[in-house]
Every structure is written in structure tokens, then in C-alpha cells.
Amino acid sequence: MTTQNSTQPSLSVLVTGATGGLGSETSRRLAAAGHTVWIGVRDTHAGEETAAKIRADHPDADLRVVELDVTDDESVTAAHNVVSTSATGLDVLVNNAGILGNFGDPVDTVPADFLPVFGVNLLGPVRVTHTFLPLLRRSSTPRLVMVSSGMGSFAVTSDPQRVESTLPGLVYTSSKAALNMVTTMYAKALPDVRVVAVDPGYTATALNGFSGTQSVEEGTDAILTACLAETLEGLFVDRHGVVPW
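To keep things clear, this report deals only with the structure shown in the data block. Being a predicted model, the structure only gives us computed values, none of them experimental. Within each chain, residues carry numbers counting from 1 in the order of the written sequence. Given that this is a predicted model, residues contribute local features only at a pLDDT of at least 70 and side-chain atom pairs are listed and counted only at 80 or more, while totals for whole chains, interfaces and linings are drawn from all residues. Based on all heavy atoms of the structure, the side-chain values leave hydrogens and waters out of the count.

1. Things to note about the side chain of Lys176
Defined as follows: Here a strand is any run of E in DSSP of at least two residues, a helix any run of H or I of at least four, and the numbering for each starts at the N terminus. Categorising residues by exposure relies on relative accessible area from a 1.4 Å probe, with only protein chains included: less than 20% of the type maximum marks a residue as buried, more than 50% marks it as exposed, and the intermediate range marks it as partly exposed. Counted as positive: Lys and Arg. Counted as negative: Asp and Glu, with His and the chain ends omitted from the count. The term salt bridge refers to a pairing of a side-chain nitrogen on Lys or Arg with a carboxyl oxygen on Asp or Glu at a separation within 4 Å. Whether two residues touch is decided by their heavy atoms; if any such pair falls within 4.5 Å, the residues are in contact.
Tracing the backbone shows Lys176 in helix α7 (residues 171–189). Buried charged residue Lys176 carries no salt bridge. Nearest counter-charge: Asp199, at 9.1 Å. Setting aside its immediate chain neighbours within four residues, Lys176 contacts Asn121, Val147, Ser148, Ser149 and Gly152.

In C-alpha cells, the structure reads:
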């Protein structure tokens, strides 16, 4: 699926939604590998707790907590100002923050159910990307990573062999399908930036009540690959390879 340079220099990475689950584990693994990690969080106290847990095992980890609410323009702008005035620059932006929302029967779903989920899962990545893109493009290896889901794939959710096909929900699935489209459009518009959507797979996190069949480390394999690998085979990948749209 990838090739990776063992002598790769340290990168500066911003991870949104980084206090738990995939975001926290992504931050841990990147910091453990010697990269600078900006932990983007709504609650800076929770962010500092996350950083402290990582430093307990990796005392030299370069972790920097920055307040960042992906649904708020002023918060994202303030976070950008913090990162841009630091000496780290920005090489990788990981749009990880996401919520499940109402996953009830489609026939009981109403328009209001979509608003908070699309606000975080779709408009959040667009807001953060728009704000941080000028800084990201100053990097010699700019990478934009969208944490999507197989639940946003028409092919995956139509495959009876996949667990995703057994979970009919309108809101979360459509937010991730929309994020996939946004990813392809960014990829076309930004030839100087490597843009990729990632399917972590069915991972045990608070998002699904820890019902997932993968460990959180397995769930972050594709995210780490998207951040660090020299090459990728496609625009939508999981830990096994290319994911069909």
C-alpha cells in the first residue's frame, strides 16, 4: 500500500478532536515517532490530560494543546493564530473530529437530526481546512487527511459481506459520504497538497460504545499511513489498501 522513509524528518501535525479514541491514539503514535503534535480540543483541560498520559510513556514527546472547536469560526481562527505564530509550521492537518448523532430508523429521522452532525463531520473539516490551508501550503510536504468512514462509501454499504451494509442510518452515513466528495474536490483543487480520506474501520471507541472489532491502534493504522507514508495508492484508504467510493 505504501512506502515510508525511515529517515523522514520530524513533521508538525494538527489533529482535531484529539482527546479520545482515534484522535488521542493518533497523537500518541505520532508523538512517539518524534513528530510535533498539536492536540486540537474544545476543552483544554481534557487536552492537557491527554498530553500528560502520552508523556507518561513518552517523556520527550512534543505535544502542544490548542483550543479548537471545529464548529466555531472564531475558535478556529484563534487556533490558527496560535499555530502560525509558533516555530513549528504545519505539515499535516488531520480532520478527525466527528460525532455519531442520531442513528435511529431512517423513517424516524427528521431534518433537525442532520444539523449538528453535518456541522461537525462536514462543515468542521471545511472550516478548519479553509483556515489552515495557507499555513499548510508553506510546508514542503503538505498533507490533508480527512478521517472518513466505510459508512460513507456507496460500495461498502451496498456489500452484504460488510458489516456497514447492516447499519441503515441517514445522518452519519450521509455526512461521511459528503466528506468523501469534499475530499475529491480538494484533491482536484490542490495539486500541491496530498489529500486523502481514511476509513479507520470498525474500531472500538466511545463513538460506537466500544462495540468495534478493531483495537484503537488498528483503527489509526491508516491515519498514520496517510500522515507519514511517502506514497499512497488512492484517495480513499483503510489499513488494508484502497477503499471503493
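2. Observations concerning the pairing of strand β2 (residues 36–41)
Put simply, the test is: In this analysis, strands are considered paired if DSSP registers two or more bridges between them.
Within β2, six of the six residues are buried, leaving the element largely enclosed by the surrounding structure. Of the strand pairs in this sheet, strand β1 (residues 12–16) and β2 are connected by five bridges, and their pairing is parallel. Directly across from Thr16, in β2, lies its bridge partner Gly40. Bridge count for β2 against strand β3 (residues 63–67) is five bridges, and the pairing is parallel. By the bridge assignment for β3, Val37 is matched with Leu63.

3. Concerning the pairing of strand β5 (residues 143–147)
Among the five residues in β5, five count as buried, and that is most of the element. Burial along β5 is two-sided: Arg143, Val145 and Val147 facing one way and Leu144 and Met146 facing the other are all buried. As defined by bridge partners, strand β4 (residues 92–95) adjoins β5 across four bridges and the pair is classed as parallel. The residue of β5 that forms the bridge with Val92 is Arg143. As paired elements, β5 and strand β6 (residues 194–198) share five bridges and run parallel to each other. Residue pairing in the sheet places Met146 in a bridge with Ala197 of β6.

4. Describing the packing of helix α4 (residues 111–121) against helix α5 (residues 123–136)
For the record, the criterion: Note on definitions: angles span 0 to 180 degrees between N-to-C directions of axes, and those axes are lines fitted to C-alpha atoms, for helices only across the stretch in contact. Here roughly perpendicular refers to angles of 65 to 115 degrees, roughly parallel to angles under 35, roughly antiparallel to angles over 145, and oblique to all remaining angles. Classes in brief: Ala, Val, Leu, Ile, Met, Phe, Trp, Tyr, Cys and Pro nonpolar; Asp, Glu, Lys and Arg charged; the others, Gly included, polar.
Two numbers describe how α4 lies on α5: the axes approach to 3 Å, and their chain directions differ by 30°. By the criterion of interaxial angle, the relationship of α4 to α5 is roughly parallel. Along the contact surface, α4 presents Phe118, Gly119, Val120 and Asn121, while α5 presents Leu123, Gly124, Pro125 and Arg127. Taken together, the residues that form the contact of α4 with α5 break down as four nonpolar, three polar and one charged.

5. Side note on the packing of aromatic side chains
Quick note on the threshold: Pairing of aromatic side chains requires ring centres within 6.5 Å, counting the rings of Phe and Tyr and the six-membered ring of Trp. Pairs whose planes differ by under 30 degrees are stacked, by over 60 edge-to-face, and all others tilted.
Inspection of every chain in the model, using the stated rule, returns two aromatic pairs. Seen in terms of ring centroids, Phe114 and Phe118 are 5.9 Å apart; in terms of plane orientation they differ by 50°. Their pairing is tilted. Of this pair, Phe114 and Phe118 both sit in helix α4, four residues apart, which is roughly one turn of that helix. Ring plane angle 25° and centroid distance 5.0 Å describe the contact between Phe236 and Trp245, whose orientation is recorded as stacked.

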